[in-house]
Amino acid sequence: MIGLKDINKTYPGAVPLHVLKGINLEIDKGELVSIMGASGSGKSTLLNILGILDTYDTGEYHLDGVLIKNLSENRAAELRNRMIGFVFQSFNLIGYKNALENVALPLFYQGVSRKKRNAMAMEQLERMGLADRAHHLPGELSGGQKQRVAIARSLITNPSIILADEPTGALDSKTSKDVMQVFRDLNSEGMTIVIVTHDPGVGQATGRVIRIADGIIQPS
Ligand code: ADP
Ligand code: MG
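Residues numbered from 1 in each chain as written. Chains lettered and ligands numbered in written order. Predicted model: local features only at pLDDT ≥ 70, side-chain atom pairs only at ≥ 80, totals over all residues.

Visitor: Looking at this structure, I do not really get the site of ligand 1. What am I missing?
Guide: Ligand 1 sits among Tyr11, Leu17, Val19, Gly37, Ser39, Gly40, Ser41, Gly42, Lys43, Ser44 and Thr45. Those elements giving two or more residues to the shell around ligand 1 turn out to be strand S2 (17–27) and helix H1 (43–50). At three residues, H1 tops the list of elements feeding residues into the shell around ligand 1. Of the residues in the shell around ligand 1, the class split is three nonpolar, seven polar and one charged. (Near = placed C-beta within 6 Å. Helix = DSSP H or I, 4+ residues; strand = E, 2+ residues; numbered from the N terminus. Nonpolar A, V, L, I, M, F, W, Y, C, P; charged D, E, K, R; others polar.)

Visitor: I'm lost on the sheet that holds strand S5 (residues 66–67) in this one. Help?
Guide: The strands that make up a sheet are held in pairs by hydrogen bonds between backbone atoms, and each pair lies either parallel or antiparallel. The four strands are arranged S2-S1-S4-S5 in an open sheet whose pairing can be described as antiparallel. Strands at the two margins of the open sheet, each flanked by one partner only, are S2 and S5. Judged from the eight bridges that link them, strand S1 (residues 2–11) and S2 form a sheet pairing that is antiparallel. Following the sheet pairing, Gly3 is matched in S2 by Glu26. (Pairing = 2+ DSSP bridges.)

Visitor: Explain the nonpolar core to me, please; I cannot follow it from the model alone.
Guide: For soluble globular proteins, the rule of thumb is that nonpolar side chains tend to be buried together. Of all hydrophobic cores here, the largest spans 56 residues; its most connected members are Ile35, Val103, Ile193 and Val194. Here the element with the most residues in this core is helix H5 (residues 143–155); it accounts for five residues. Discounting residues that sit within four places of it in the chain, Val103 has contacts with Ala121, Gln124, Leu125, Val149, Ala152, Arg153 and Ile156. (Core = buried A, V, L, I, M, F, W, Y, C linked by C-beta atoms within 7 Å. Buried ≥ 20, exposed ≤ 12 C-beta atoms within 10 Å, placed from the backbone. Contact = placed C-beta atoms within 7 Å.)

Visitor: Any chance you could explain the packing of H5 against helix H6 (residues 173–188) here in plain terms?
Guide: Each pair of packed helices can be summarised by the angle the axes make with each other and by the distance between the axes. Put simply, H5 and H6 touch, their axes get as near as 9 Å, and they point 20° apart. Here H5 lies roughly parallel to H6, going by the angle between them. Pair H5 / H6 crosses with right-handed handedness. Contact residues: Gly143, Gly144, Gln147, Arg148 and Ile151 in H5; Thr175, Asp178, Val179 and Val182 in H6. Within the contact of H5 with H6, the residues separate by chemical class into three nonpolar, four polar and two charged. (Axes fitted to C-alpha atoms, helices over the stretch in contact; angles between N-to-C directions. Parallel < 35°, antiparallel > 145°, perpendicular 65-115°, else oblique. Left-handed = near helix turned anticlockwise from the far one by under 90°.)

Here's what the structure looks like:
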């Protein structure tokens, strides 16, 4: 599903920062993997490259057989919207829209009718055990519920892969375990999932832990 060959990334500036120094990594379809490393080690940079939210300087990234390199903005957005679901530490829900509307939002941008997108969003909320919270605003939900709404939103476009950046970073340990169980259940249904985390407990709940330090993947 994912193949990275000698990926390099430098953030330019007065003092350029060479963050990724030759990342080689393969992730198969159906894997649940975590990427661990110290703060500032380049985990989010790597995940953003995987999600076609950021570009790299040299190397090659293949996503499901497609070379992700020198893409136009439109092509990048098209691949991203079709193939990737994102989950973030801070949930990134819209505060004035209820849970159902938040989950349905990606379909709004795809031009799906209101009736159809609401039905599909309700299905995903049911899957997350949140049907009874569909008409609540994010501010009326617990942290774990908010993250499950965000996971429902990430699933609504039927992505090939879920990328999650510190998805339990804002949650207590009990709620973190619940959210990890959601990811494990999705993975057992076949979803490919990559989770960036600095929490060893989260790492333990995944099938493979990838460690990044000094700009490269550490041998396991
Ligand atoms: P992590 O997610 O592991 O904490 P990041 O990938 O966010 O690490 O950041 C890696 C390094 O790159 C850090 O030193 C960070 O300050 C720097 N960095 C991240 N994004 C940018 C950017 N847009 N411009 C310049 N430096 C950045
Ligand atoms: Mg980060």
